[in-house]
Every structure is written in C-alpha cells, then in structure tokens.
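Structural description and commentary
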2 protein chains.
Amino acid sequence: MASPEIEALTQALSRLPGLGPRSARRAVLHLLKKREAALGPLRAALEAVDERLATCRTCGNVDTADPCSICADPRRDARSLCVVEEVADLWALDRSRLFPGRFHVLGGRLSALEGVRPEDLSIDRLVARLEDGGVDEVVLAMNATLEGQTTAHYLAERIERFPVRITQLAHGLPVGGELDYLDEGTLAQALRARRPVG
Amino acid sequence: MASPEIEALTQALSRLPGLGPRSARRAVLHLLKKREAALGPLRAALEAVDERLATCRTCGNVDTADPCSICADPRRDARSLCVVEEVADLWALDRSRLFPGRFHVLGGRLSALEGVRPEDLSIDRLVARLEDGGVDEVVLAMNATLEGQTTAHYLAERIERFPVRITQLAHGLPVGGELDYLDEGTLAQALRARRPVG
Ligand SMILES: [Zn+2]
Ligand SMILES: [Zn+2]
C-alpha cells in the first residue's frame, strides 16, 4: 500500500471530472517523479488560488479578485451585459473573445424538476444592476435546452420594463454542421428562425 | 481572461498525464466551485505529499517515508525480492496484493537506443542487498518488452553467483504489454506461473 498521504492525493485527484482512479494514480506518479517541474508548480498554483479565491459580488464570476478581472477591466463595455447560467459559460464566451461587454452569472437555470426557483438564482442582483443604469443591451445567453429557454423567457419578462435592448443567442445550424447529421430539434429551430437572404 | 493565478492552475493541471487543456479547465472550474469539498482536500494532500516526499534508499520506492511503508512493514517477507523497472510497476504489483515480499526498483531498463547502461540503473544497490544476505528468491518482474527482457537476462547473469532462486514472471503477458496497464487477473497468472531463470 502507498502511504496515507499518497492515497489521499490519489483520492483527491480521482474526484476531479475527467480523472478516474487509474488516471489519478498515473497523475500522482507523474507528480512524485517530477517534483520540481510538476508537483511544486501545482502546489503553488493551488495555494495561490485557494488563498485569493473570490466570487465577484458584481457578476458572480469566480476569480482571485472581487470585483473580478472582467468587471474591473476598463476596456470592457459596461453598456453590454451577457447573462449566462454558469461560470463555465462565462469562461467559454470569454475565451472566444467575441463578446466585449460584461457578464452576469445566474448560478443555474429554472427547473421545476430540480426545484430551482427564481429566488434561487442571481436574478434580483441582475435587476439591481439594471436599476443602477448604464446598461443598453442584455444578451440572454442561456443554453439551448428547455430549461435554459424557460429561464430566458422568464428573465425577458422580469427586465422588460428597463430601457434596454434584450437579445438572445441565435439558434440554428452549428458552423460546419451537416443537415443529415443534426438532431431534429436543431433542424426545427433553424427552420423556424429562417431569415430572408440578401 | 481568467486571473493569472487561475491560468497558472489550469496550466499546471493540463500538464498531468490524462488531462488536456479542456479537461484541465473543467477540473479548475470544479475546484473553484467546490472549494471546501475539492480544492481544500487537494491542496492539503499535495502539501502533505510534497513535504514528506522521499525516495526509499533501500528499494527505490517513492513514498512519504524512508524506509518506505513496504520496506518498513514487518509482515512483508524479506526473503523474497521482486525487481521492477519503475515505481509504477511496484505500485501495480502492490495493489494486486499478490506478492507478499519486498521490492527493488531499477529506475528504468537497459536500452541501447536510449543509451541506458547498467550503471544508470539501481543494479549495484540490488547486488548490495543480496550481499547483505537474507534473500531466498529474486523475482525479475520486467516488462514483456525486448528491453525489459534484455534487462532481466542481464540481471540474471549479474546475480547468478548468489544462493538465491531467480525467477521471472510467466510469459502469459501480451507482447509489448506494460505491467502498469495490465488487469489483476493477468498479473495473478503471471506471478503464479513464475519460472526459474536459466
Ligand atoms: Zn465580475
Ligand atoms: Zn522501500
């Protein structure tokens, strides 16, 4: 048996998404063999993140500062607000560098099945941001799921009284998507949202 | 962009075997969201291992103590010594709980191609252990690769002057098979049918 410390490390790693018990063991061996190059940096990075971890009280992003690096960035267009379900969605959109504005993380989606109600999401906080003014457009970037769309419709109603343009991500064919490989739901969406050409 | 601390953590995780950039990002998000349940324990486990990490001067195992938990275990049969190429192989055999003796880690295999010579491996240390006496059997548990078998033959010659039984894992192992990847059943077969060398 490996020592309790090594067992604990293997366990902690095996609980990460994408790492099972076997790959966790390989990762631990890698860390043990590459103490300077792998174990040291990973330890230091975890400590730095753990010590500075903060949830942005403005947008709900998880970062090492509050306000987060996005809310604090003066080059970001504060007039445009993109509402997402989860921090992971914020990161995905941010990586794409396609959205120059700021974000708002709901912390989930409305779900009758899972008992998630409006008061469980960061909706009051969103309304408060709009009341503060300075926002021209709210992009509802919910997932293209039933619950995501239900959430988007609910949000649109909640904020319709504000003088902001409310938009949502277009639904349709993914780039490179071939018709005969797409599911019917996507096809239906694409057909329903068809636009005039030229 | 995520903060530099979070970027550094993503980078450190993405260098682990089995985790690419995408799964590293998912792992980081998981850690950030589960601070108490995931980030804390992983940090603590890494710190404990990093602070106590040691290479066993007796057998070459990597552990949090020297002598390692296997060499220090009085229930282990010191008369039986299993020689493996890498620490990963020791762990694989140890997990199987099929071998009640102790181990010796060579730290690699002879390889003309990679310029690995006998003096690059922990062979003198093995010979010294045999000179100390008390060992009845040496099990050569090299990988079933050309280099592994070359190493086994070389070792058998180096230690044939000692009054020990020299055996090797039975060749039910698939050609090219590496111990670390084998299921326990195959390992059990191979160990059970180990044969004398020469
Ligand atoms: Zn923020
Ligand atoms: Zn040892």
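Residues numbered from 1 in each chain as written. Chains lettered and ligands numbered in written order. Predicted model: local features only at pLDDT ≥ 70, side-chain atom pairs only at ≥ 80, totals over all residues. Heavy atoms only, no water.

**A short note on the UniProt feature "domain: Toprim" (unreviewed entry) in chain A**
Heads up, the rule is: UniProt positions are given in the numbering used here, feature names are shortened, and annotations may be inferred rather than shown by experiment. Only runs of H or I of at least four residues qualify as helices and only runs of E of at least two qualify as strands under DSSP, and these elements are numbered from the N terminus.
UniProt marks residues 79–174 of chain A with the feature "domain: Toprim" (unreviewed entry), using the numbering shown here. As a span, residues 79–174 of chain A carries 34% helix and 20% strand, and end to end its C-alpha atoms are 28 Å apart.

**Let's talk about the pattern of salt bridges**
For clarity, the cut-off: Basic side-chain nitrogens of Lys or Arg form a salt bridge, by our definition, when they fall within 4 Å of a carboxyl oxygen of Asp or Glu. When accessible area is computed with a 1.4 Å probe and restricted to protein chains, residues below 20% of their type maximum are described as buried, those above 50% as exposed, and intermediate ones as partly exposed.
What the rule picks out here adds up to 34 salt bridges over all chains. With a closest N to O distance of 2.4 Å, A:Asp94 and A:Arg76 form a salt bridge. Here A:Asp94 is found in helix H4 (residues 87–96), whereas its partner A:Arg76 is found in the loop between strand S2 (62–63) and strand S3 (77–84), with 18 residues between them in sequence. Side by side, A:Asp94 and A:Arg76 carry an identical accessibility label, which is buried. With a shortest N-O distance of 2.5 Å, B:Glu85 and B:Arg109 are connected by a salt bridge. Separated by 24 residues along the polypeptide, B:Glu85 in the loop between strand S3 (77–84) and helix H4 (87–96) and B:Arg109 in the loop between strand S4 (101–105) and helix H5 (123–131) bring together distant segments of the chain. Beyond isolated ion pairs, a larger network of salt bridges with shared partners links A:Arg35, A:Arg43, A:Glu47, B:Asp50 and B:Glu51.

**Regarding the confidence of the model for chain A**
Using the following cut-off: What pLDDT expresses is the predictor's confidence in each residue, scored from 0 to 100.
On average, residues of chain A score 89 in pLDDT, and 96% of them are at 70 or above. When pLDDT is averaged over each element of chain A, helix H5 (residues 123–131) of chain A comes out on top at 97 and helix H7 (residues 184–192) of chain A at the bottom at 74.

**Some remarks on the coordination of the zinc ion (ligand 2)**
All names here are of chain B. Defined as follows: The donor set covers N, O and S atoms within 2.8 Å of the metal, switching to 3.2 Å for Na, K and Ca, and it leaves out water, so a site may look short of donors.
Of the protein atoms, only Cys-56 (SG), Cys-59 (SG), Cys-68 (SG) and Cys-71 (SG) coordinate the zinc ion (ligand 2), at distances of 2.3 Å. Summarised as a motif, the one-chain spacing of the donors to the zinc ion (ligand 2) is C-x2-C-x8-C-x2-C. Take Cys-68: its relative accessible area is 0%, and that puts it in the buried class.

**Observations regarding the pairing of strand S4 (residues 101–105) of chain A**
Residue and element names in this part refer to chain A. Formally: Two strands qualify as a pair provided DSSP detects at least 2 bridges between them. A crossover counts as right-handed when, viewed with the strands pointing away from the observer, the path leading from the first strand over the helix to the second turns clockwise.
Judged by how many residues are buried, S4 sits mostly within the fold: 5 of 5 residues are covered. Taken together, the 5 bridges between S3 and S4 define a ladder with parallel strand orientation. When the sheet's bridge partners are listed, Cys-82 is paired in S4 with Phe-103. Tracing the backbone out of S3, into H4 and back to the parallel element S4 gives a crossover that is right-handed.

**Considering the packing of helix H2 (residues 21–33) of chain A against H4(B)**
The following threshold applies: Lines fitted to C-alpha atoms define the axes here, with helix axes fitted over just the stretch in contact, and angles between the N-to-C directions of these axes take values from 0 to 180 degrees. Orientation labels follow simple angle bins: below 35 degrees gives roughly parallel, above 145 gives roughly antiparallel, 65 to 115 gives roughly perpendicular, and whatever is left gives oblique. By convention the crossing between two helices is left-handed if the near helix lies anticlockwise of the far one by an angle smaller than a right angle, and right-handed if it lies clockwise. We call two residues in contact whenever any of their non-hydrogen atoms come within 4.5 Å of each other. Charged means Asp, Glu, Lys or Arg here, nonpolar means Ala, Val, Leu, Ile, Met, Phe, Trp, Tyr, Cys or Pro, and polar covers whatever is left, Gly included.
Contact geometry for H2(A) and H4(B): axes closest at 10 Å, N-to-C directions at 140°. With respect to H4(B), the axis of H2(A) lies oblique. The crossing of H2(A) and H4(B) is right-handed. On H4(B), the residues touching A:Arg25, A:Val28, A:Leu29 and A:Leu32 of H2(A) are B:Val87, B:Ala88, B:Trp91 and B:Arg95. A per-class count over the contact of H2(A) with H4(B) returns 6 nonpolar, no polar and 2 charged.

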